[in-house]
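# Notes for the structure review
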Amino acid sequence: MDAVDGTADGGGTVKGKPAIAPLLSQFPAFNHAFMLREIMALRQAGFSIYPISIVGPPVAVEKLTPDERTEYDRTFYVNQRNLAGVAADHLATLLRHPAGYLRGLRGAWQMAGGRVADWPRCLRYFAGAVVAGRAMERAGYTHFHSHFCSTIAWLVLLVFENLTGSIAIHGPMEFDDVAGFRLADKIKASRFMVAISDYGRSQMMRCVPADQWGKIHVRRLGVDTGLYQLTEPRPEPRPFTLLSAGRLDPVKGFPVLLEAMALLCRRGLEVQLRVAGGGGMMDWLERRRRELGIPDDRVIFEGWKSGDEMPALYARADAFVLASFAEGIPVVLMEAMARGVPCIATAVHGTPELVVHRETGLLVAPGNAEALADAVVQLIEDRELRLRLATAGRRMVLERYELSENTRALAELFEQLLPAGETRAS
């Protein structure tokens, strides 16, 4: 979709605000609903926004929410560009930016690390970068801001010397192999970098010289707390309902969560777990539940849930649990805390910046099913603790993770570091 939208209300000219093309891996996306809220908030603040997404949403268009559908119609999708269009984009880029085109090809080869088997994947990154960059040029946008798309963002910067980019790094997977991820090169090529946590900024600082540290800024994610009302925990919940959410991937620790559920069931506790999320582990987790002897009514796999569907699940939960081995700062934790749901999470990466042990939630060691089960027992047995954590958790989100405040801080960063532009709707 090549249409460009120039204002928050759908057309015209924007003056005095930078024009920004969000560069996204998938949009809208169930597990990254914050991107939709961020884009809508920037539009409302008067920024000219033109989303560019590599792939489309994970569901049929007719299943999108009204807000998602509105943004879908405003978004350019790289994977929807037909073959003739892709060829035209590459030819135009080669003619306009011959040195950059070759530089981008070399960058793709470097990403492959000389491994011929990786060359097709890296070549696809390069091809997508050219299509994305040409979309920006046609629409008249010269700066993009990337979420979950940093490799294509880096290649865009290599190819198009007339474009600038900022890259948000969420972590923590990017920090597992900073050399292979070419994180230092991405920091060097960007106009500036955004980390969603102090932990994330520290990891980026590790891989570049100190004279590059000034390019790395912390801007936290957030939730619209107005959508979540604080309610007191149920006095004697039966069953005690646990909620977890996230893609069904090994890194999210769901096998450990099932082991904790098995321990709780063996202790004779009336506990139910509801899991919101989809992914390749669904069948395996169902088999594992049976192997552990957990009754089928004690674990409910809800499947993917949109941002509009999650509040109903929070309303039914007595506690929210994340057993992840690695996280940035999970938005689902912010949502649960804003709703007043006591939270248990693993003490990994940026999570302790949100969940402070026994102050705004409970923290446990990752991979430890017994510690996870013990934390659940604490909440079951101590209603006052549940109430205290619920109140303090919401206060934490109000003070540090309110969407409007954090989006305003991001907008101020754009205004400080980017020239004010003028973009006309085509």
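Structural notes, computed from the coordinates. (Residues numbered from 1 in each chain as written. Predicted model: local features only at pLDDT ≥ 70, side-chain atom pairs only at ≥ 80, totals over all residues. Heavy atoms only, no water.)

Glancing now at the sheet that holds strand E11 (residues 271–276). Spatially, E12-E11-E10-E13-E14-E15 is the arrangement adopted by the 6 strands of the open sheet, whose pairing is parallel. Single-partner strands in this sheet number two, and they are strand E12 (299–303) and strand E15 (362–364). Pairs of neighbouring strands in the sheet enclose a mean axial angle of 25 degrees, with direction left out of account. As judged from the 6 bridges shared by strand E10 (residues 240–245) and E11, these two strands associate in the parallel manner. Paired with Ala 245 across the strands is Ala 276, a residue of E11. Along the sheet face, helix H9 (residues 254–266) touches E10, E11, E12 and strand E13 (319–322) and points at about 165 degrees away from the line of E11. Here helix H13 (residues 369–381) sits on the sheet and contacts E10, E11, E13, strand E14 (343–346) and E15; the angle it forms with E15, its principal contact strand, is near 165 degrees. (Pairing = 2+ DSSP bridges. Helix = DSSP H or I, 4+ residues; strand = E, 2+ residues; numbered from the N terminus. Axes fitted to C-alpha atoms, helices over the stretch in contact; angles between N-to-C directions. Contact = heavy atoms within 4.5 Å.)

This part takes up the layout of surface pockets. By volume, the second largest pocket amounts to about 670 Å³. Together, 32 residues line the second largest pocket, and Arg 37, Met 40, Asp 224, Leu 227 and Leu 403 are the ones closest to its centre. Every element with two or more residues in the lining of the second largest pocket is listed here: helix H1 (34–44), helix H2 (66–74) and helix H15 (403–417). Tallied by class, residues from the lining of the second largest pocket come to 16 nonpolar, 6 polar and 10 charged. (1 Å grid on protein atoms, 1.4 Å probe; cavity = no way out; pocket = protein on both sides within 12 Å on 5 of 7 lines; lining within 4 Å. Points joined across faces, edges and corners; volume = space filled by probe spheres on them. Nonpolar A, V, L, I, M, F, W, Y, C, P; charged D, E, K, R; others polar.)

This part is about the packing of aromatic side chains. The geometry of an aromatic ring pair comes down to the distance between the two centres and the angle between the two planes. Overall, the coordinates contain 10 aromatic pairs when judged by the stated rule. Taken together, a centroid distance of 5.4 Å and an interplanar angle of 70 degrees make the contact between Trp 109 and Trp 119 edge-to-face. With Trp 109 in helix H4 (residues 98–112) and Trp 119 in helix H5 (residues 119–139), this pair connects stretches of sequence that are 10 residues apart. Three or more aromatic residues joined by ring pairs form one cluster here, namely Phe 47, Phe 192 and Phe 414. The ring centre of Phe 181 lies 3.3 Å from the NZ or CZ of Lys 186, which sits over that ring. (Phe/Tyr/Trp six-rings, centres within 6.5 Å; stacked < 30°, edge-to-face > 60°. Lys NZ or Arg CZ within 6 Å of the ring centre and 35° of its normal.)

Under the counting rule described, the total for this entry stands at 3 cavities of 30 Å³ or more. Reported here for the largest cavity is a volume of approximately 130 Å³. Glu 38, Arg 219, Arg 220, Leu 221 and Leu 410 are, among the 15 residues lining the largest cavity, the residues nearest its centre. Secondary structure elements with two or more residues in the lining of the largest cavity: H1, strand E6 (143–147) and H15. When the residues that make up the lining of the largest cavity are grouped by side-chain class, the tally is 7 nonpolar, 5 polar and 3 charged.

What follows covers the pairing of strand E4 (residues 52–55). It is a general feature of regular strands that their side chains alternate between the two faces of the sheet. Judged from the 3 bridges that link them, strand E2 (residues 19–26) and E4 form a sheet pairing that is parallel. Looking across to E4, one finds that Gln 26 is bridged to Val 55. Sheet topology note: the E4/strand E5 (residues 76–77) ladder contains 2 bridges and is parallel. Paired with Ile 52 across the bridge in E5 is Phe 76. Between E4 and its parallel partner E5, the chain crosses via H2, and the hand of that crossover is right-handed. (Right-handed = clockwise from strand over helix to strand, strands pointing away.)

A separate point is the nonpolar core. Judged by nonpolar contacts, the single largest core of 51 residues is most densely connected at Tyr 314, Phe 320, Leu 333, Met 334, Leu 354 and Phe 414. By residue number, the principal contributor to this core is helix H12 (residues 331–339), which donates 6 residues. Each residue touching Leu 333, except ones within four places of it in the same chain, is listed here: Phe 320, Leu 322, Cys 343, Ala 345, Thr 351, Leu 354 and Val 355. Among the nonpolar cores identified, the runner-up in size contains 46 residues, and Ile 167, Ile 169, Ile 187 and Met 204 belong to it. (Core = buried A, V, L, I, M, F, W, Y, C linked by side-chain atoms within 4.5 Å. Buried < 20%, exposed > 50% of the residue type's maximum accessible area, 1.4 Å probe, protein only.)

As a further point, take the packing of H1 against H2. Two packed helices can be described by the angle between their axes and the distance between those axes. H2 packs onto H1 with a crossing angle of 75 degrees between their chain directions and a minimal axis gap of 11 Å. As the angle between them shows, H1 and H2 are arranged roughly perpendicular. Note on element contacts: H2 touches H1 through Asp 67, Glu 68, Glu 71 and Arg 74, opposite Leu 36, Ile 39, Met 40 and Arg 43. (Parallel < 35°, antiparallel > 145°, perpendicular 65-115°, else oblique.)

Taken by themselves, the reported measurements are silent on function.
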